[in-house]
Amino acid sequence: MTEVQDFGRQLGEFSRGLLGATGADEGTEFVSDGRAESEIRGFLAELQEAYARADIDWIVDSLAEDFTTYELVALDGSPVVIREKAAMREYLTTLFPASGENQVKSITANQVVATATLGLINEEGDVVISKADTTKEHQPLRASALAVRTANGWKWRHWHMSEAGPRFRVNAAGVPIDDNGQVIPGARVVTQDGVGRVVVDGHESRPGVTLTSGQTRRD
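Residues numbered from 1 in each chain as written. Predicted model: local features only at pLDDT ≥ 70, side-chain atom pairs only at ≥ 80, totals over all residues. Heavy atoms only, no water.

## Digging into the pairing of strand S5 (residues 136-150)
(1) Moving on: Where strand S4 (residues 118-130) lies against S5, 13 bridges are found, and the strand directions are antiparallel. Following the sheet pairing, Gly125 is matched in S5 by Leu141.
(2) Moving on: Linkage of S4 to S5, two consecutive antiparallel strands, is achieved through a turn of five residues, within which Thr134 is found at a positive phi near 80°.
(3) Moving on: Pairing of S5 with strand S7 (residues 168-170), which is carried by three bridges, proceeds in the antiparallel orientation. (Pairing = 2+ DSSP bridges. Helix = DSSP H or I, 4+ residues; strand = E, 2+ residues; numbered from the N terminus.)

## Considering the confidence of the model for the protein
(1) Moving on: Confidence along the protein averages 77 in pLDDT terms, with 69% of residues attaining 70 or more.
(2) Moving on: Helix H1 (residues 3-19) is the least confidently modelled element of the protein, averaging 52 in pLDDT, while helix H3 (residues 56-61) averages 96, the highest of any element.
(3) Moving on: Every residue in residues 19-25 is under pLDDT 50, and counting partners more than four places away or in other chains gives four contacts. (pLDDT = per-residue confidence, 0-100. Contact = heavy atoms within 4.5 Å.)

## So, the packing of aromatic side chains
For any pair of aromatic rings, the description consists of the separation of the ring centres together with the inter-plane angle of the planes.
(1) Moving on: Evaluation of the coordinates by the stated rule reveals four aromatic pairs.
(2) Moving on: Considering the side-chain rings of Phe43 and Trp156, the 4.5 Å spacing of their centres and the 5° angle between planes classify their relative orientation as stacked. Note that Phe43 is positioned in helix H2 (residues 34-52) and Trp156 in strand S6 (residues 153-163), a separation of 113 residues in sequence.
(3) Moving on: Note on Phe67 and Trp159: the rings are 5.0 Å apart at their centroids and 80° apart in plane angle, and the pair reads as edge-to-face. Here Phe67 is found in strand S1 (residues 63-72), whereas its partner Trp159 is found in strand S6, with 92 residues between them in sequence. With respect to class, Phe67 is no different from Trp159; both count as buried.
(4) Moving on: Counting every residue linked through ring pairs, the aromatic cluster contains Phe43, Trp58, Phe67, Trp156 and Trp159. (Phe/Tyr/Trp six-rings, centres within 6.5 Å; stacked < 30°, edge-to-face > 60°. Buried < 20%, exposed > 50% of the residue type's maximum accessible area, 1.4 Å probe, protein only.)

## Quick word on the pattern of salt bridges
(1) Moving on: Inspection of the entire model under this criterion finds nine salt bridges.
(2) Moving on: Residue Arg89 pairs with Asp57 through a salt bridge whose shortest N-O separation is 2.8 Å. Placement of Arg89 in helix H4 (residues 85-95) and of Asp57 in helix H3 is noted, with a sequence separation of 32 residues between them.
(3) Moving on: Arg89 gets classed as partly exposed once you look at its relative accessible area, which sits at 34%.
(4) Moving on: In this structure, the salt-bridge partner of Asp61 is Lys155, at a minimum N-O distance of 3.7 Å. In this pair, Asp61 sits in helix H3 while Lys155 sits in strand S6, placing the two residues 94 residues apart along the sequence.
(5) Moving on: Within the structure, one salt-bridge network assembled from shared partners comprises Arg35, Glu39 and Arg149. (Salt bridge = Lys/Arg side-chain N within 4 Å of Asp/Glu carboxyl O.)

## Structural notes on H2
(1) Moving on: Taking 1.5 Å of rise per residue, the 19 residues of H2 would be expected to cover 27 Å, and the 27 Å separating its terminal C-alpha atoms lies within 8% of that figure.
(2) Moving on: What H2 keeps buried is the set Ala36, Glu37, Ile40, Phe43, Leu44, Leu47, Gln48, Ala50 and Tyr51. The buried residues of H2 occupy an angular sector of 160° when the element is viewed end-on, so they sit on one face. (Expected span 1.5 Å × (residues − 1). Arc of directions from axis to C-beta.)

## Describing H4
Because each turn of an α-helix spans 3.6 residues, side chains separated by three or four positions end up pointing in the same direction.
(1) Moving on: Restricting attention to buried positions, one finds in H4 the residues Met88, Tyr91, Leu92 and Leu95. Down the axis of H4, the buried set is contained in an arc of 105°. They therefore lie on one face. Seen from the buried face of H4, the exposed residues on the opposite side, beyond 90 degrees, are Ala86, Glu90, Thr93 and Thr94.

## Quick word on the nonpolar core
(1) Moving on: The biggest cluster of nonpolar side chains holds 26 residues, and the ones touching the most others in it are Tyr51, Ile59, Met88, Leu92, Trp156 and Trp159.
(2) Moving on: Where this core is concerned, the elements lending two or more residues are H2, H3, S1, H4, strand S3 (102-114), S5 and S6.
(3) Moving on: With seven residues, the top contributor of residues to this core is H2.
(4) Moving on: Formed by seven residues, the second largest nonpolar core is a distinct cluster that contains Leu118, Leu120, Leu146 and Val148. (Core = buried A, V, L, I, M, F, W, Y, C linked by side-chain atoms within 4.5 Å.)

## Remarks on unusual backbone geometry
(1) Moving on: Its identity as a non-glycine residue notwithstanding, Ala54 has a phi of 55°, on the positive side.
(2) Moving on: Of note, Ala54 is situated in the loop between H2 and H3.
(3) Moving on: On the basis of relative accessible area, Ala54 is assigned to the partly exposed category, the value being 37%.
(4) Moving on: With a phi angle near 80°, Thr134 is a residue other than glycine that sits in the positive phi range.
(5) Moving on: Looking at the secondary structure, you find Thr134 in the loop between S4 and S5.

Structure representation (structure tokens):
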């Protein structure tokens, strides 16, 4: 069994339990729906565009009635659980950057499997907030999302967001800077599979470690 087939088998078992599907033999092999997978990728792209334009109404409308999410608080990166659309709307009002700033959520789907009515996406990438002073703040992310087809088209049933690495800031030239806006000696940004991270003198920075100007990492 290939990795994708095994992933599909797990999704099939999950969907039968989630939606109460009946009539399928326990050993039935999962069969993916290519058209549904393409539609879900497009649905994800539309969601990113809605985030970029801070379209709270579109985002909330894209959610299923029984939606849940595990998110990260914008200001400090701590986790939060949201189970109601009204709570999600309130959260979104605090998420988007201030006037004069711009947010781009460059999350890409690296794996999608779907039936005609249910799809699962694994994602990774970066949320980048462009500040008014031309600096940028990065939050690398990994995520998974569950979409269900409804009478009103595809809707998101669940999101799960987690950090793919510590937040970091760069100046207009893309060079890592500290909280005071000073260049961190020996630091550079390395991007792999759409996820950025800071390395200093060849060593990766770690969550919970703050680098300041004049400081280098050699541990």
